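Structure assessment
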Amino acid sequence: MTDSKPLSPAAQAVVNAYLNTVCVNPLGSIAAALRAAAHEVAPFPGRYPMNEYMEGFRDAKQSVHLQLIAIADELDPPSS
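Residues numbered from 1 in each chain as written. Predicted model: local features only at pLDDT ≥ 70, side-chain atom pairs only at ≥ 80, totals over all residues. Heavy atoms only, no water.

**A few points about the overall build of the chain**
In plain terms, the rule: Put simply, DSSP marks the helices as runs of H or I at least four residues long and the strands as runs of E at least two long, and each gets a number from the N terminus on. Whether a residue is buried, partly exposed or exposed follows from its accessible area with a 1.4 Å probe, protein chains only, as a fraction of its type maximum: under 20%, in between, or over 50%, in that order. Residues count as neighbours in contact if any of their non-hydrogen atoms are within 4.5 Å of one another. In these tables, accessible area is a Shrake-Rupley quantity obtained with a 1.4 Å probe, and a residue counts as shielded only by the protein chains included in the view.
Helices and strands together make up the secondary structure of the chain, namely 3 helices and 0 strands. Traced from its N-terminal end to its C-terminal end, the chain shows the element sequence α-α-α. Out of the 80 residues belonging to the chain, those deemed buried represent 18%. Summarising the internal contacts of the chain: among those between residues at least 6 apart in sequence, 45% fall at separations of at least 24. Entry remark: accessible area of the chain is about 5900 Å², with carbon and sulfur atoms responsible for 61%.

Here's what the structure looks like:
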């Protein structure tokens, strides 16, 4: 990573999530980065009027989000 180009807010959120936990638990750091990526790239959409196309788009986005969270949970199960 070079200092010549600033990161986008989404990329910075992923880096921050990783760096904030890297010393504590390496797998947890990867999980934190995946969770941050899921929230940045495929956040759950808000409620708004839907047509069939938008429902499909929402469902696909939720599927990606949940798959990333499932991988993160496998690496570092959330504490209860």
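**Some points on the pattern of salt bridges**
What counts, and what does not: By salt bridge we mean one thing: a side-chain nitrogen of Lys or Arg within 4 Å of a carboxyl oxygen of Asp or Glu.
The full count for this structure, using the stated rule, is 2 salt bridges. Residue Asp73 pairs with Arg35 through a salt bridge whose shortest N-O separation is 2.8 Å. Of this pair, Asp73 sits in helix α3 (residues 52–75) while Arg35 sits in helix α2 (residues 26–41), and the two are 38 residues apart along the sequence. When the shortest N-O distance is used, the salt bridge between Arg58 and Asp59 registers 3.1 Å.

**Comments concerning the environment of Ala31**
For Ala31, the location among the structural elements is in helix α2. The exposure class assigned to Ala31 is buried, which follows from its relative accessible area of 0%. A C-alpha to C-alpha distance of 8.3 Å links Ala31 and Glu74, two positions 43 residues apart in sequence. When sequence neighbours within four positions are dropped, the list of residues in contact with Ala31 reads Ala72, Leu75 and Asp76.

**Observations regarding the packing of α2 against α3**
For clarity, the cut-off: All axes are obtained by fitting lines to C-alpha atoms, using only the stretch in contact for helices, and the reported angles, taken between N-to-C directions, cover 0 to 180 degrees. Any angle from 65 to 115 degrees is called roughly perpendicular, while one under 35 is roughly parallel, one over 145 is roughly antiparallel, and all others are oblique. The residue classification treats Ala, Val, Leu, Ile, Met, Phe, Trp, Tyr, Cys and Pro as nonpolar and Asp, Glu, Lys and Arg as charged. All others, Gly included, are polar.
Here α2 crosses α3 at 170 degrees, and the two axes come no closer than 8 Å. Compared by their axis directions, α2 and α3 come out roughly antiparallel. Touching Leu27, Ile30, Ala31, Leu34, Arg35, Ala38, His39 and Val41 of α2 are Lys61, His65, Leu68, Ile69, Ile71, Ala72, Asp73 and Leu75, all from α3. Residue classes in the contact of α2 with α3 are distributed as 11 nonpolar, 2 polar and 3 charged.

**A few points about the packing of helix α1 (residues 9–19) against α2**
Defined as follows: If you view the pair so one helix is near and one far, a crossing is left-handed when the near helix is turned anticlockwise from the far one by less than a right angle, and right-handed when it is turned clockwise.
Between α1 and α2, the shortest axis-to-axis distance is 7 Å and the interhelical angle comes to 155 degrees. Comparing their axes, α2 and α1 come out roughly antiparallel. Judged by the sense of rotation from one axis to the other, the crossing of α1 with α2 is right-handed. Across from Ala10, Ala13, Val14, Ala17 and Tyr18 in α1, the residues of α2 making contact are Ser29, Ile30, Ala32, Ala33, Ala36, Ala37 and Glu40. A class-by-class count of the residues in the contact of α1 with α2 yields 10 nonpolar, 1 polar and 1 charged.

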